[in-house]
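Coordinate analysis (summary)
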Amino acid sequence: MSENPRMAMARHWYASAPVVDGLPLLDEPGFWAAHLADLSEGFPAEAFGVDAADAGAALELLHDRSAWLMFTVPLADGFAILVHYNSAEDFTTTDYFLTHRDWPDSRALLLASDDQDRIGPGLCWPELAALLTAPAAGAAGVTDPDARLLLLLPVLGDTEPPPEAVSAVVEALVAQGAPPACEELAMRLLEGHPMWGAETWTYDDDEQSWICDGEHSPRQVPLGEHLPDVQRASLEAVLAGRTPE
């Protein structure tokens, strides 16, 4: 698959944008109903344990043109996933970048984007499950495992999530205020973003990387295949839930 121009451009255009840290908004009533609105179409806000007014207010914050929200999900060994809300156009899009503290913005890897180019999915379930535990104390950003799971769910698109995936999403939803009987909602959220849905993944032993069959996925090639060997090995370890050497 040829490199998508947006993957090469990555996130440098955010440098002059009104980006603000979205971390405080995670505790706002209605945030999760708003963030997961596309994935949960057909479910009322009450399925998340909030009312429609709270969900609507949170959605307005996510679509604020004067404050583009960014959420940092710190990973091991200097890696992170950045969730950027982009409200410069007539509609708001969300971009998910994999970055490293030593990389320039132009090297960031675009995992998923729900703009008109529809780039995704960017993670399979084994990878997402491996990213739920934050690195050692002192990491800045979203460190709560339940919040990390729900924040990154839109990047997921996997036709074969294990049974424990439903339990994990239910647990995360309940921890964030959803009623205990939310298994149906959890199952819907695991079906993938409507722009790319769920796709088949296979593990390439030679490349030590998961590969996605989805036509819109940037993961049709090994993730970070262009990186220096040391960084590539470190990234592989992070996505597999191992401690980088």
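Source: prediction; values computed, not measured.

Moving on, we come to the overall build of the protein chain. In terms of helices and strands, the protein chain carries 8 helices and 7 strands. For the protein chain, the C-alpha radius of gyration of 17 Å lies close to 18 Å, the compact-globule estimate for 245 residues. If one aligns the C-alpha atoms of the protein chain with their principal axes, the spans along those axes are about 50 × 45 × 40 Å. A buried classification covers 51% of the 245 residues belonging to the protein chain. Considering only intrachain contacts with a sequence separation of at least 6, the fraction spanning at least 24 residues in the protein chain is 61%. Carbon and sulfur atoms make up 50% of the accessible area of the protein chain, which totals about 11,300 Å². Measuring between centres, the 11 positive side-chain charges of the protein chain sit 7 Å from its 41 negative side-chain charges.

The residue Arg148 is located in helix H5 (residues 145–152) in this model. For the buried residue Arg148, which engages in no salt bridge, the nearest side chain bearing the opposite charge is Asp144, 8.3 Å off. Polar side-chain contacts of Arg148 include one of 2.7 Å to the backbone oxygen of Leu131. Ignoring anything within four residues of it in the chain, the contact list for Arg148 reads Val73, Pro74, Leu75, Leu131, Leu132, Thr133, Ala134, Pro135, Val142 and Thr143.

A word on the packing of aromatic side chains. On inspection of all chains with the given rule, the structure shows 5 aromatic pairs. With centroids separated by 4.8 Å and ring planes inclined at 85°, the aromatic side chains of Phe31 and Trp32 adopt a geometry described as edge-to-face. Exposure class is identical for Phe31 and Trp32. Each is buried. Here Phe71 and Tyr85 contribute two aromatic rings whose centre-to-centre distance is 6.4 Å and whose plane-to-plane angle is 75°, an arrangement assigned as edge-to-face. With a gap of 14 residues between them, Phe71 in strand S2 (residues 68–74) and Tyr85 in strand S3 (residues 79–86) connect regions that are remote in the sequence. Side by side, Phe71 and Tyr85 carry an identical accessibility label, which is buried. Ring-pair connections join several aromatic residues into one group, and the members of that group are Phe31, Trp32, Phe71 and Tyr85.

A separate point is the packing of H5 against helix H6 (residues 163–175). With their axes 9 Å apart at the nearest point, H5 and H6 run at an angle of 110° to one another. Taken as axis vectors, H5 and H6 run roughly perpendicular relative to one another. Crossing of H5 over H6 shows left-handed handedness. Side by side, H5 and H6 meet where Asp146, Leu149 and Leu150 of the first sit next to Ala168, Val169, Glu171, Ala172, Leu173 and Ala175 of the second. Class assignment of the residues belonging to the contact of H5 with H6 gives a composition of 7 nonpolar, no polar and 2 charged.

The rules behind the values
- Residues numbered from 1 in each chain as written.
- Predicted model: local features only at pLDDT ≥ 70, side-chain atom pairs only at ≥ 80, totals over all residues.
- Heavy atoms only, no water.
- Helix = DSSP H or I, 4+ residues; strand = E, 2+ residues; numbered from the N terminus.
- Rg over C-alpha atoms; globule rule 2.2 N^0.38 Å.
- Buried < 20%, exposed > 50% of the residue type's maximum accessible area, 1.4 Å probe, protein only.
- Contact = heavy atoms within 4.5 Å.
- Areas by Shrake-Rupley, 256 points an atom, 1.4 Å probe, with all protein chains shown as cover.
- Lys, Arg positive; Asp, Glu negative; His and termini not counted.
- Charge placed at Lys NZ, Arg CZ, Asp CG, Glu CD.
- Salt bridge = Lys/Arg side-chain N within 4 Å of Asp/Glu carboxyl O.
- Polar contact = N/O pair within 3.5 Å; in protein donor to acceptor, adjacent residues only side chain to side chain.
- Phe/Tyr/Trp six-rings, centres within 6.5 Å; stacked < 30°, edge-to-face > 60°.
- Axes fitted to C-alpha atoms, helices over the stretch in contact; angles between N-to-C directions.
- Parallel < 35°, antiparallel > 145°, perpendicular 65-115°, else oblique.
- Left-handed = near helix turned anticlockwise from the far one by under 90°.
- Nonpolar A, V, L, I, M, F, W, Y, C, P; charged D, E, K, R; others polar.

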